[in-house]
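Structure assessment
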There are 2 protein chains.
Amino acid sequence: MTRKELIKNIKQRRSFLCVGLDTDLAKIPDHLLGSTDPMFEFNKAIIDATAPYCVAYKPNTAFYECQGIQGWQTLEKTVAYLKEKYPSHLIIADAKRGDIGNTSKMYAATFFEQMNVDAVTVAPYMGQDSVTPFLEYTGKWVVLLDLTSNKGSHDFQFFTDSDGMPLWERVLRVSAEWAGDDQMMYVVGATQGSMFQEIRRVAPTSFLLVPGVGAQGGSLEEVCRYGMTDECGLLVNSSRGIIYASKGTDFAEAAEAEARKLQTVMAGQLDKAGI
Amino acid sequence: MTRKELIKNIKQRRSFLCVGLDTDLAKIPDHLLGSTDPMFEFNKAIIDATAPYCVAYKPNTAFYECQGIQGWQTLEKTVAYLKEKYPSHLIIADAKRGDIGNTSKMYAATFFEQMNVDAVTVAPYMGQDSVTPFLEYTGKWVVLLDLTSNKGSHDFQFFTDSDGMPLWERVLRVSAEWAGDDQMMYVVGATQGSMFQEIRRVAPTSFLLVPGVGAQGGSLEEVCRYGMTDECGLLVNSSRGIIYASKGTDFAEAAEAEARKLQTVMAGQLDKAGI
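Sequence order as written defines the numbering, with residues in each chain counted from 1. Each chain is given a letter, starting from A, and each ligand a number, starting from 1, according to the order in which they appear as written. Only residues with pLDDT of at least 70 are given local features in this predicted model, and only at 80 or more are side-chain atom pairs given and counted; all residues enter the totals for whole chains, interfaces and linings. To get the side-chain values, all heavy atoms of the structure are used, and hydrogens and water are removed first.

1. Describing the interface of chain B and chain A
What makes two residues a contact is simply this: any of their non-hydrogen atoms within 4.5 Å. Across the boundary between the two partners, chain B contributes 57 residues, which contact 57 residues of chain A. Summed over both partners, buried area is the accessible surface (1.4 Å probe) that two parts give up on being assembled. Per-residue buried area on chain B facing chain A is highest for Y125(B), F156(B) and F159(B); these three make up 19% of the total on that side. Note on definitions: salt bridges are taken to be side-chain nitrogens of Lys or Arg within 4 Å of carboxyl oxygens of Asp or Glu. Our count for the chain B to chain A interface comes out at four salt bridges. The partner of E65(B) in a salt bridge is R97(A), with the nearest N and O atoms 3.0 Å apart. Polar contacts here mean pairs of N or O atoms no more than 3.5 Å apart (in protein, one a potential hydrogen donor and the other a potential acceptor; neighbouring residues in sequence count only if both atoms are side-chain atoms). Counting every contact that joins chain B to chain A gives 28 residue pairs in polar contact (both at pLDDT 80 or more). The way it works is that DSSP assigns letters per residue, a run of H or I at least four long becomes a helix, a run of E at least two long becomes a strand, and they are numbered from the N terminus. Broken down by element, the side of chain B that touches chain A gets its largest block of residues, seven residues, from helix α5 (residues 101-114) of chain B. In terms of residue class, the side of chain B that touches chain A is made up of 23 nonpolar, 20 polar and 14 charged. Just so you know the grouping, Ala, Val, Leu, Ile, Met, Phe, Trp, Tyr, Cys and Pro go in nonpolar, Asp, Glu, Lys and Arg go in charged, and all remaining residues, Gly too, go in polar.

Dropping the structure here:
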């Protein structure tokens, strides 16, 4: 999916919501557990319920891998279902991969050929040749980890050089030489709301994938205030707040309601920004 | 496998060689391509040929994932084969994973429960809570990326703070607070031979997993001179130099010869150090 298509989808659907498919077998409703592939049944229902309110889906590979081959199959089936039924939704494999050049090439083939998703999250620690193999695919995206939403983000991402530049800023500046804003996005955690101003100083036009926004939409306004560009420039992710809104037989309706709630706030923010 | 067992294996086998199972379907001998699972047949032959000369195997997950479900099956079969036939060889899943706490927990379950390998490589960028879930397993190891052997290592790993401390050193110092040398090893690339002196100043006793040593053993002496401790403290990896030593029907014999060559040099180094 091109940047232009993504922006068009955001404008038409009045949403920049990404639904995180962190599907945990231990957390899905009991009544699904009898089916052949409970995780896939769950994903299908969640996708059908939330598709009108979002522009992207982000399955996190860890939740599938930990089920072994069965989990990998579920992930492939989920991606195939999305591609067939909702081809205008961006699919982000949240895999956080990255290795030396010839190995990253294999990961790029895994996600962009074998599985054929639109985007993959990549870890920056190993530098340029660990990222560039993912950039050799037209219409595909690298979502580079920059400033994450977890506590451990403070261990290294704020490590600062003698000029006062933190590592997250160096990652933005250096990686900007590898690809433009039409191929590279960045993960920027919403728990650091005021940081968006700093990020935009360095990456004024890049799309930011923003995890850590609760179902309540608590910090969503703040993220938009500091992070939104005149082409939106945001994909805000919610996982647990949507997909585990109910553990009953009404889980899909509950997920729909949560997604709609976030979409309504997002539509308001887009209106306000004249997008 | 405990640290004590690993050291015992190194002493008995007179080797600290790790064979990298970077098994690429495009590179394995033609005569294997007719079998049901060519990658597994290849791995089995390589393992049987090299086991007397090494103490560890390191399948890189990228090479298996890019074959989809079939590849994931091959990886599981390879690990099961190793565990059954060579239970005293350390199995390192070179996966370079790392995510927020609840997600890293899933990856830890994938590799330490579902697949049951002994060690997994982890990327440090997301900090403590992305690593600690892997440390909750007794007898299992985290191999943390520190100073990698690729060109891109210079992009961020040498980023230096106002006191002159580079990021790779900060990773060593901070992560030492998360686990001891009985649970954590570090990836340190051999292309930076003289750097081992620096590393040992900060991590005097930790095991280092050293990629980037060619089949010729070119820099092996230098790695030992600066990196070896009185308990060895090194696992030196060779992948392509061993497993692709020949593309003919003699590929296993050629791999054996290369592994034996490296083991001979290693035995000499262990003798010299009185280990």
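2. Regarding the pattern of salt bridges
Counting across every chain of the model gives 34 salt bridges over all chains. R201(B) serves as the salt-bridge partner of E169(B), at 4.0 Å between the closest nitrogen and oxygen. In this pair, E169(B) is assigned in helix α8 (residues 167-175) and R201(B) in helix α9 (residues 195-202), connecting sequence segments 32 residues apart. Several salt bridges converge on common partners, so that one network encompasses K58(A), D94(A), K96(A) and D99(B).

3. A closer look at the sheet that holds strand β5 (residues 141-147) of chain A
Residue and element names in this part refer to chain A. With parallel pairing, eight strands are arranged side by side around a closed barrel as β1-β2-β3-β4-β5-β6-β7-β8. Across this sheet, the average inter-strand angle for adjacent strands is 30 degrees, counted without regard to direction. At least two DSSP bridges between two strands are needed for those strands to be called paired. Relative to β5, strand β4 (residues 119-122) runs parallel, the two being bridged by four bridges. When the bridges of β5 are listed, T121 appears paired with V143. Angles run from 0 to 180 degrees between N-to-C directions of axes, and those axes are lines fitted to C-alpha atoms, restricted for helices to the stretch in contact. Packing of helix α9 (residues 195-202) onto the sheet brings it into contact with β5, β6 (184-188), β7 (208-210) and β8 (234-238), and relative to β7 it is tilted by some 160 degrees.

4. Regarding the packing of aromatic side chains
Given two aromatic rings, their pairing is described by the distance between the two centres and the angle made by the two planes. For Phe, Tyr and Trp, where Trp contributes only its six-membered ring, two rings pair if their centres lie within 6.5 Å, and the inter-plane angle classes them as stacked under 30 degrees, edge-to-face over 60, or tilted in between. Taken as a whole, this structure holds 16 aromatic pairs over all chains when the rule is applied. An angle of 15 degrees between the planes, with centres 5.2 Å apart, marks the rings of F42(B) and F251(B) as stacked. Of the two residues, F42(B) sits in helix α2 (residues 38-50) while F251(B) sits in helix α12 (residues 251-272), which places them 209 residues apart along the sequence. For the pair F42(B) and F251(B), one class covers both residues: buried. Three or more aromatic residues joined by ring pairs make a cluster, and in this case those are F40(A), Y81(A) and Y86(A). Think of it in three bands: residues with accessible area under 20% of the maximum for their type are buried, residues over 50% are exposed, and the middle band is partly exposed, with areas taken using a 1.4 Å probe on protein chains only.

5. A short note on the nonpolar core
Counting residues in each nonpolar core, the largest one holds 214 residues, and the members touching the most others are F16(A), L234(A), F16(B), L234(B) and L235(B). With residues near it in sequence (within four places) discarded, F16(A) still touches I10(A), V55(A), L220(A), C224(A), M228(A), C232(A), L234(A), L235(A), V236(A), M266(A) and L270(A). Residues grouped as a nonpolar core are buried Ala, Val, Leu, Ile, Met, Phe, Trp, Tyr and Cys residues, joined through side-chain atoms within 4.5 Å.

6. Topic: the confidence of the model for chain A
The pLDDT value tells you how sure the predictor is about a given residue, anywhere from 0 up to 100. Confidence in the prediction of chain A, expressed as mean pLDDT, is 95, and 98% of residues score 70 or more. The ipTM, which scores confidence in the relative placement of chains, is 0.96 for this predicted complex, and the corresponding pTM is 0.97.

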